[in-house]
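Summary of structural features
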Amino acid sequence: MQAWVLPRQDGDLSQLSWARWLAEHGVEETIFCYHASPPLWNRVPMGELPSMRAFADSMRAALPEAGRLGIKLWSCGIPECVLKDSEAPRVESRRLFDETLRTDGAPAACSRARRKAKAFPAACRGCRAQALCEGVWKGYLENRGEEEFSAI
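Everything numeric here is computed off the predicted structure, so don't read it as measured data.

By the definition in use, this model includes 3 aromatic pairs. Seen from their ring centres, Tyr 34 and Phe 55 are 5.6 Å apart, and the 65° between their planes marks the pair as edge-to-face. Here the residue Tyr 34 occupies a position in the loop between strand 2 (29–33) and helix 2 (52–69), and Phe 55 occupies one in helix 2, the gap between them amounting to 21 residues. Accessibility expressed as a relative area gives 0% for Tyr 34, which makes it buried. Here the aromatic rings of Tyr 140 and Phe 149 are separated by 6.0 Å at their centres, their planes lie at 75°, and the arrangement is edge-to-face. According to the relative accessible area criterion, Tyr 140 is buried, its value standing at 1%. By the ring-pair criterion, three or more aromatic residues cluster together here, those being Tyr 34, Phe 55, Tyr 140 and Phe 149. Lying over the aromatic face of Trp 137, Lys 118 brings its terminal NZ or CZ to 4.5 Å of the ring centre.

Printed below as a string of structure tokens:
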């Protein structure tokens with residue numbers, strides 16, 4: 001079983017407490033989604049989210065215990081320069097459900113919609129991960145600026 005978790009600034013930032021609860025309920029994979037699920041089914045307003053750096057730090061802290069619990073942690077919406085893919089692999093454009101149906105019934109790639117809502121900060125110029133990165137949510141950059149991002 002897989003679960004998607006969307007953070008809120010006023011909620012518990014501890015992915016570890018979520019991982020424990022999910023493990024007790026039979027979940028084996030958890031995707032912690034920053035702002036929106038991969039197919040954009042769910043969204044949390046930018047003003048209600050913690051910083052990406054705080055979110056990534058709490059995921060890093062949860063990884064060892066989650067591994068002991070048998071839970072695989074994935075991330076969504078966090079660029080590699082903030083949370084390395086080797087720590088918590090990103091799911092954008094790599095997994096099932098990257099497609100949705102428009103109101104007329106035609107399929108539409110969710111990655112295209114996500115990319116329209118994202119931008120590359122100045123630090124992304126020359127970053128070796130840019131070809132695989134969708135960028136940063138435009139709303140995040142408007143609210144918090146570009147300080148958290150750096151070329152890798």
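Our next topic: the pairing of strand 2. Across the 5 residues that make up strand 2, a large majority, 4, are buried. Here 5 bridges tie strand 2 to strand 3 (residues 72–76), and the two strands are oriented parallel to one another. Pairing of Ile 31 across the sheet is with Trp 74, part of strand 3. Between the parallel elements strand 2 and strand 3, the chain passes through helix 2 in a crossover that is right-handed.

With that settled, consider empty space enclosed by the protein. The final tally for this structure, using the stated rule, is 2 cavities of 30 Å³ or more. In this structure, the largest cavity encloses a volume near 90 Å³. Looking at the lining of the largest cavity residue by residue, the class counts come to 11 nonpolar, 3 polar and 1 charged. By volume, the second largest cavity amounts to about 40 Å³. Gly 77, Ile 78, Pro 79, Arg 90, Glu 92, Lys 118, Leu 132, Cys 133, Glu 134 and Gly 135 are the residues that line the second largest cavity.

Criteria and cut-off values
What you see as residue numbers is a count from 1 along each chain, following the sequence as written. Per-residue local features of the predicted model are confined to residues with pLDDT of at least 70, and side-chain atom pairs are confined, for both listing and counting, to 80 or more; whole-chain, interface and lining totals are unaffected and use all residues. To get the side-chain values, all heavy atoms of the structure are used, and hydrogens and water are removed first. Stacked, tilted and edge-to-face are the three classes applied to pairs of Phe, Tyr and Trp rings, where Trp contributes its six-membered ring and a pair requires centres within 6.5 Å; stacked means planes under 30 degrees apart, edge-to-face means over 60, and tilted covers the rest. For helices the rule is a DSSP run of H or I covering at least 4 residues; for strands it is a run of E covering at least 2, with both sets numbered from the N terminus onward. In this scheme, a residue with accessible area under 20% of its type's maximum is buried, one over 50% is exposed, and one in between is partly exposed, where area comes from a 1.4 Å probe on protein chains only. For a Lys NZ or an Arg CZ to count as sitting over a ring, it must be within 6 Å of the ring centre and within 35 degrees of the ring normal. Any two strands with at least two DSSP-identified bridges between them are counted as paired. We call a crossover right-handed when, viewed with both strands directed away from the observer, the connection leading from the first strand over the helix to the second proceeds clockwise. A cavity, in this analysis, means grid points on a 1 Å lattice covering only the protein atoms where a 1.4 Å probe fits yet has no way out; a pocket is instead an open set bounded by protein on both sides within 12 Å along at least five of seven lines, and a residue lines either one if it has an atom within 4 Å of a point. Grid points are joined across faces, edges and corners, and a volume is the space filled by probe spheres set on the points. For this classification, the nonpolar set comprises Ala, Val, Leu, Ile, Met, Phe, Trp, Tyr, Cys and Pro, the charged set comprises Asp, Glu, Lys and Arg, and every other residue, Gly included, is treated as polar.

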